[in-house]
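Chain by chain, the residues:
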Amino acid sequence: MLEKHSATSWHPKTRNFNTRTMEIARGWGNATYLRLRNIDTPPGWKSPIRFTDTATGTEFGRIESKGFEGPGPSISPAEPIMTSQELIEEIMLDAARATGLVDVRFDAEVVAVLRGGAADDHDAAVEVRDRRAGTTSTVVGPAMVAADGAASFVRQALGRDLIGHKNVAHIVNCYFRAAIEPHLAGRRGVLLFVANERANGVLQALDGRGRWLCQITVSPDDWSLERFTSERAARWVRDAAGIDDLDVEILSIGLWQLNATVIDRMVQGRALFCGDAAHQFPPTGGLGVNTGLQGMHNAMWKLAWHLHGYAAWSLVETYETERRPVSEKITNQSFVNSLNVARIRAAISTASGTITEETMPADQIAIEARRYGNHLGAEFGSVYTSNAVIPDGTTPPPVEDDYSDYLPSATPGARAPHHWLGSPHAPLSTLDLVGSGLTLIAGAHGHAWRSAATDASGLTGVPIDHYVIDTAGLADLGDFCGAYGISPSGAVLIRPDGHVAWRHNGEAVGVDTLVGIIRAISGLQATSASM
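A few points on the structure. (Residues numbered from 1 in each chain as written. Predicted model: local features only at pLDDT ≥ 70, side-chain atom pairs only at ≥ 80, totals over all residues. Heavy atoms only, no water.)

Quick word on the overall build of the protein chain
So, step 1. Across its full length, the protein chain carries 13 helices and 24 strands.
So, step 2. Its C-alpha radius of gyration of 25 Å places the protein chain within 12% of the 24 Å reference for a compact globule of 531 residues.
So, step 3. Across its three principal directions, the C-alpha atoms of the protein chain cover 75 × 55 × 35 Å.
So, step 4. By the burial criterion, 53% of the 531 residues in the protein chain qualify as buried.
So, step 5. Once local pairs closer than 6 in sequence are excluded, the contacts in the protein chain between residues at least 24 apart make up 72%.
So, step 6. Roughly 22200 Å² of accessible area belongs to the protein chain as shown, and the carbon and sulfur atoms make up 51% of that amount.
So, step 7. Averaging the locations of the 45 positively and 59 negatively charged side chains of the protein chain gives two centres separated by 2 Å. (Helix = DSSP H or I, 4+ residues; strand = E, 2+ residues; numbered from the N terminus. Rg over C-alpha atoms; globule rule 2.2 N^0.38 Å. Buried < 20%, exposed > 50% of the residue type's maximum accessible area, 1.4 Å probe, protein only. Contact = heavy atoms within 4.5 Å. Areas by Shrake-Rupley, 256 points an atom, 1.4 Å probe, with all protein chains shown as cover. Lys, Arg positive; Asp, Glu negative; His and termini not counted. Charge placed at Lys NZ, Arg CZ, Asp CG, Glu CD.)

Some thoughts on the side chain of Asn 298
So, step 1. Mapped onto the elements, Asn 298 comes out in helix 7 (residues 288–308).
So, step 2. Its relative accessible area of 1% is what places Asn 298 among the buried residues.
So, step 3. Residues contacting Asn 298, with those up to four places away along its chain left out, are Tyr 319, Glu 322, Arg 323, Tyr 384, Arg 495 and Asp 497.

So, the layout of surface pockets
So, step 1. Counted as a void, the second largest pocket has a volume near 400 Å³.
So, step 2. Lining of the second largest pocket is provided by 25 residues; of these, Lys 329, Gly 377, Gly 381, Ser 382 and Val 383 occupy positions nearest its centre.
So, step 3. Among the elements of the structure, helix 8 (313–348) and helix 10 (376–380) are those that each provide at least two residues to the lining of the second largest pocket.
So, step 4. Across the lining of the second largest pocket, the residue classes break down as 14 nonpolar, six polar and five charged. (1 Å grid on protein atoms, 1.4 Å probe; cavity = no way out; pocket = protein on both sides within 12 Å on 5 of 7 lines; lining within 4 Å. Points joined across faces, edges and corners; volume = space filled by probe spheres on them. Nonpolar A, V, L, I, M, F, W, Y, C, P; charged D, E, K, R; others polar.)

Observations regarding the pattern of salt bridges
So, step 1. A complete count under the given rule lists 31 salt bridges for this structure.
So, step 2. Of the charged contacts in the structure, one is a salt bridge between Arg 129 and Glu 109, with a shortest N-O distance of 2.9 Å. One end of the pair, Arg 129, is in strand 8 (residues 124–130); the other, Glu 109, is in strand 7 (residues 108–115), and 20 residues separate them in sequence.
So, step 3. Judged by relative accessible area, which is 30%, Arg 129 ranks as partly exposed.
So, step 4. Arg 115 is paired through a salt bridge with Asp 123; the nearest N and O atoms lie 2.7 Å apart. (Salt bridge = Lys/Arg side-chain N within 4 Å of Asp/Glu carboxyl O.)

Let's talk about empty space enclosed by the protein
Using a probe with the size of a water molecule, rolled over the atoms, empty space left in the structure can be pinpointed.
So, step 1. One pass over the full model with this rule turns up three cavities of 30 Å³ or more.
So, step 2. Within this model, the largest cavity holds a volume of roughly 120 Å³.
So, step 3. Lining the largest cavity are 16 residues, and of these Arg 20, Gln 294, Arg 323, Tyr 384 and His 499 lie nearest its centre.
So, step 4. Mapped onto the lining of the largest cavity, the elements with two or more residues apiece are helix 1 (19–26), helix 7, helix 8 and helix 10.

Here we look at the sheet that holds strand 15 (residues 249–263)
So, step 1. Pairing in this open sheet of eight strands is mixed, and the strands run 4-3-12-13-14-11-15-18 from one edge to the other. Taken across any chain shown, the strands that pair with only one partner, and hence form the sheet edges, are strand 4 (59–63) and strand 18 (279–280).
So, step 2. Here helix 6 (residues 230–241) sits on the sheet and contacts strand 11 (162–177), strand 12 (191–195), strand 13 (200–205), strand 14 (211–218) and strand 15; the angle it forms with strand 13, its principal contact strand, is near 85°. (Pairing = 2+ DSSP bridges. Axes fitted to C-alpha atoms, helices over the stretch in contact; angles between N-to-C directions.)

What to know about the packing of aromatic side chains
So, step 1. Under the definition given, this model contains seven aromatic pairs.
So, step 2. Note on Phe 51 and Phe 193: the rings are 5.1 Å apart at their centroids and 10° apart in plane angle, and the pair reads as stacked. A residue pair is termed long-range when its members are at least 10 positions apart, and Phe 51 in strand 3 (residues 49–52) and Phe 193 in strand 12 qualify at 142 residues. For the residue pair Phe 51 and Phe 193, the accessibility class agrees, reading buried in each case.
So, step 3. Ring geometry for Trp 301 and Trp 305: centres 4.9 Å apart, planes at 85°, overall edge-to-face. Placement of both Trp 301 and Trp 305 in helix 7 is noted, with a separation of four residues, approximately one turn of the helix. A single burial state applies to Trp 301 and to Trp 305, both of which are buried. (Phe/Tyr/Trp six-rings, centres within 6.5 Å; stacked < 30°, edge-to-face > 60°.)

Brief notes about the nonpolar core
So, step 1. Core analysis: the largest hydrophobic core is formed by 29 residues, its most contacted members being Phe 176, Ile 180, Leu 203, Trp 212 and Trp 236.
So, step 2. Of all the secondary-structure elements, those providing two or more residues to this core are strand 11, strand 12, strand 13, strand 14, helix 6 and strand 15.
So, step 3. One finds Leu 438, Val 462, Ala 501 and Leu 514 within the second-largest nonpolar core, a separate group that totals 28 residues. (Core = buried A, V, L, I, M, F, W, Y, C linked by side-chain atoms within 4.5 Å.)

So, helix 1
So, step 1. Most of helix 1 is tucked away: seven of the eight residues are buried.
So, step 2. Taken together, the buried positions of helix 1 are Thr 19, Arg 20, Thr 21, Met 22, Glu 23, Ile 24 and Ala 25.
So, step 3. Capping the start of helix 1 is the job of one residue whose side-chain oxygen sits 3.3 Å from the backbone nitrogen of Arg 20: Asn 18. (Polar contact = N/O pair within 3.5 Å; in protein donor to acceptor, adjacent residues only side chain to side chain.)

Some words on the pairing of strand 19 (residues 420–423)
So, step 1. Where strand 19 and strand 20 (residues 426–429) come together, four bridges link them in antiparallel fashion. Each residue of the ladder has a partner; that of Leu 421, found in strand 20, is Leu 428.
So, step 2. In this structure, the hairpin formed by strand 19 and strand 20 is closed by a connection of two residues.

A few points about the sheet that holds strand 23 (residues 491–494)
So, step 1. With respect to topology, four strands assemble into an open sheet ordered 22-21-23-24, the strand pairing being mixed. The two strands at the open ends of the sheet, each matched to only one other strand, are strand 22 (464–468) and strand 24 (500–504). When strand polarity is set aside, the average angle formed by the axes of neighbouring strands in this sheet is 15°.
So, step 2. Inspection of the sheet shows strand 21 (residues 438–442) paired to strand 23 by four bridges, in the antiparallel sense. Residue Thr 439 lies in a different strand from strand 23, and its bridge partner there is Ile 494.
So, step 3. Running over the sheet, helix 11 (residues 449–460) touches strand 21, strand 22, strand 23 and strand 24 and is turned about 180° from strand 22.

Thoughts on the packing of helix 11 against helix 13 (residues 511–522)
So, step 1. Remark: helix 11 packs on helix 13, axes separated minimally by 9 Å, with the N-to-C direction vectors making an angle of 55°. Relative to helix 13, the element helix 11 lies oblique. Relative to helix 13, the crossing made by helix 11 is right-handed. Counted together, Ala 452, Ala 453, Asp 455, Ala 456, Leu 459 and Thr 460 of helix 11 and Val 511, Leu 514, Val 515, Ile 518 and Arg 519 of helix 13 form the full contact between these two elements. (Parallel < 35°, antiparallel > 145°, perpendicular 65-115°, else oblique. Left-handed = near helix turned anticlockwise from the far one by under 90°.)

Here's what the structure looks like:
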C-alpha cells in the first residue's frame, strides 16, 4: 500500500459506515468490528435531518433519516456507525497490519505509471518517490488498485475521464470544538442545516461531546484558506449555532469541490479504480465512502481469485459490469438530494433574510426529499447481472421505491439474505458463514451437497465451505428455505462478497455440474443458465 501522506487522516471528512459496510467489517474480525462499534456516536445523532435558521433557533422542516439508524436485526446482524474518519482509519490500519499480508508505506508517492494500463499488459509497475529520503524506486506487481482519491494521479496518467456534474459548488469543510450540545435542548440530529443572513450550511456532530464538522458553500473567490481564515470560520460557527458568545476552537479547515461523477472505465489493463478515484458523490446521502468500500469488496475477491489461479482476468473485469450501474444510480440520487437541500434552504431564507411560515414550504419539499437518509434499497438491494452470476429466471420482489425500500431476496446476483441460525442466546447470521472462497448452504435435507462441494473444490482449487441447516450449531431460528427460496433439499452458492452466485431448488447436482458452475463463475468455462 503506497500512501503519499505521512500518516492516516487527521481531518474527519467522512462520518458514516452504513449497515452494509459494517456487515463487511464483520468479516475483518470481531475485534475490528467491535472497535468500530465503540466509536459510534451516542443515541439520537443519526436522525433526523433538521432544517433551521440556526441550530438553536427555529426549525422549519425535517427528514427522518432511518437509513442512518439501520434496518434492525431482522435485516442485518450489523449496526451502522456515525463517527469520524480519523478514528475509522486508525482502526482499519491496525486491522490491515494485523493480517501480516500488507506492506504499508507512508510518504510513498507514485510519480509515474510505467506499465499496467494497456490491454496486453500482464503486470503493473509504478515509479515511487520516497518523500522523506527523496529517492525513487520501482514497485512491480501483478495488478494495481488505484484508490488514490478524487484527484487520482493514476486516473490521469492512464487518460481516464470522469463523467457527470463537475465543480458544482465550492465547499469549505471545517473541523472544530464547541459546546453546542447543551444549547440544543435535546434537539439532536444527523445533520443540522442552517440558513440565515450570516450563515448558510450544515453542522454535523462527530461524537455528541463537542467535536463538530461544518460544511459551508462559498463563492469561488472565497474558496481559499487565505480568504476563509480560522477567525472567519469561528464567526460562521457562532452565527450558525445562534450563540454569540460560543467558545469555538478551529482544529482544521479543508477545501473541496462538489462533484457527481463516475469514471468512464473502472478497469483498464491491470489497473482497477476504486473509491473517489472511480466515483465522487455529493455528501447528501452519506453513501460516498460506503459505495467505495462496497465496490472495493466486490473487486478484491475477484482479484485475489485471479492471483491464486482460481479465475480468469475476465472475472476481475466483472467489477466494472456489476459496480458501474450501482455507482451511477447512487451518484445521480446524491446529486438530486443536493438539489432538494438547496430548494429547502432557499425556501427558508427569503431574499430579505426574513423567515416566515408563509414563505417557507419546507415541509412539502422535505416530503419530496424522502430518499435523503432513507437508502436501504441502494444499500442492500443491488442485484448484479454479470458472468459471475448464474441466473435462475427469478427476479427480486417488487418494492415501491428501489432506492429507499428493500425486501430480502436470494435471487442470484442479490445480497444473500441475513437469517438467524444457532440459538436465541447465541445467534449466528448466515452472512457470518461467508468466507474468502465460495460458501454452499443447503437445506436440512441437503446432506448430499457436502460431498459434491468437497469434490468440486478439489477439482477446481476453489475453496468451498459447506453447511447444512439444522446440523450442529446451525439450528434454523425461522424459515431458512423460505428466506432463500429453496426446498429442504436445495442449496445456494454464495460469493465472497456475500452475493448469491447460484441457487438450486432440488436435489444435489453431480460433481461435474457443480464444477461447471464454479468454472463459469470464475470465467474459466462457459455454462448455461439451465444448470
